[in-house]
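# Per-entry structural report
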Amino acid sequence: MVRRTVSLSDVVDQQVREAAHPDESYSSAVARLIEAGIRSAGRQHRPDWIGSGEGPDDLGRRAEQYLRHPVR
């Protein structure tokens, strides 16, 4: 199990506490709510258009350099 430290606003913290099921731990409630949010957003996977196109293999890492000097 991965452990992460996150900072939540007081408003979000209160929403988590209110949404937690009886006898559910805070961490379980947060994980359940995040998973539900991901499902409701309908984006469990990267969109098909990400990574599409043509260009050098290192374009993502060196984009600024390539923008300054055209690739031939």
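It should be noted that the structure appears before, not after, this text.
### Digging into the layout of surface pockets
What the largest pocket holds in volume is close to 500 Å³. What lines the largest pocket is simply Met-1, Val-2, Arg-3, Arg-4, Val-6, Leu-8, Tyr-26, Ser-27, Ser-28, Val-30, Ala-31 and Ile-34. By residue class, the composition of the lining of the largest pocket is eight nonpolar, two polar and two charged.

### Structural notes on a nonpolar patch on the surface
Together, Val-6, Leu-8, Val-12 and Tyr-26 give the surface a local cluster of nonpolar side chains, amounting to about 320 Å² of exposed area. Within the secondary structure, Val-6 sits in the segment before α1 (10-19). Val-6 gets classed as exposed once you look at its relative accessible area, which sits at 58%.

### Structural notes on the pattern of salt bridges
Tallied over the entire structure, the rule returns two salt bridges. Of the charged contacts, one joins Arg-17 and Asp-13 as a salt bridge, the two residues approaching to 3.1 Å between their closest N and O atoms. Placement of the pair is Arg-17 and Asp-13 together in helix α1, with a separation of four residues, close to one helical turn. Measuring nitrogen to oxygen at the nearest pair gives 3.0 Å for the salt bridge that ties Arg-32 to Glu-24. Look at Arg-32 and you get partly exposed, because its relative accessible area is 25%.

### Considerations on helix α2 (residues 26-41)
An ideal rise of 1.5 Å per residue puts 22 Å on 16 residues; α2 measures up with 22 Å between its terminal C-alpha atoms. In the stretch just after α2, Gly-42 is the one whose phi turns positive, near 70°.

### Topic: the side chain of Glu-24
Within the secondary structure, Glu-24 is located in the loop between α1 and α2. A distance of 3.0 Å separates the side chain of Glu-24 from the side chain of Arg-32, its partner in a polar contact. Glu-24 has contacts with Ala-29 and Arg-32, leaving out every residue within four places of it along the chain.

Definitions and cut-offs
Residues numbered from 1 in each chain as written. Predicted model: local features only at pLDDT ≥ 70, side-chain atom pairs only at ≥ 80, totals over all residues. Heavy atoms only, no water. 1 Å grid on protein atoms, 1.4 Å probe; cavity = no way out; pocket = protein on both sides within 12 Å on 5 of 7 lines; lining within 4 Å. Points joined across faces, edges and corners; volume = space filled by probe spheres on them. Nonpolar A, V, L, I, M, F, W, Y, C, P; charged D, E, K, R; others polar. Patch = residues over 30% accessible without salt bridge, like charges linked within 9 Å, V, L, I, M, F, W, Y side chains within 5 Å. Areas by Shrake-Rupley, 256 points an atom, 1.4 Å probe, with all protein chains shown as cover. Salt bridge = Lys/Arg side-chain N within 4 Å of Asp/Glu carboxyl O. Helix = DSSP H or I, 4+ residues; strand = E, 2+ residues; numbered from the N terminus. Buried < 20%, exposed > 50% of the residue type's maximum accessible area, 1.4 Å probe, protein only. Expected span 1.5 Å × (residues − 1). Polar contact = N/O pair within 3.5 Å; in protein donor to acceptor, adjacent residues only side chain to side chain. Contact = heavy atoms within 4.5 Å.

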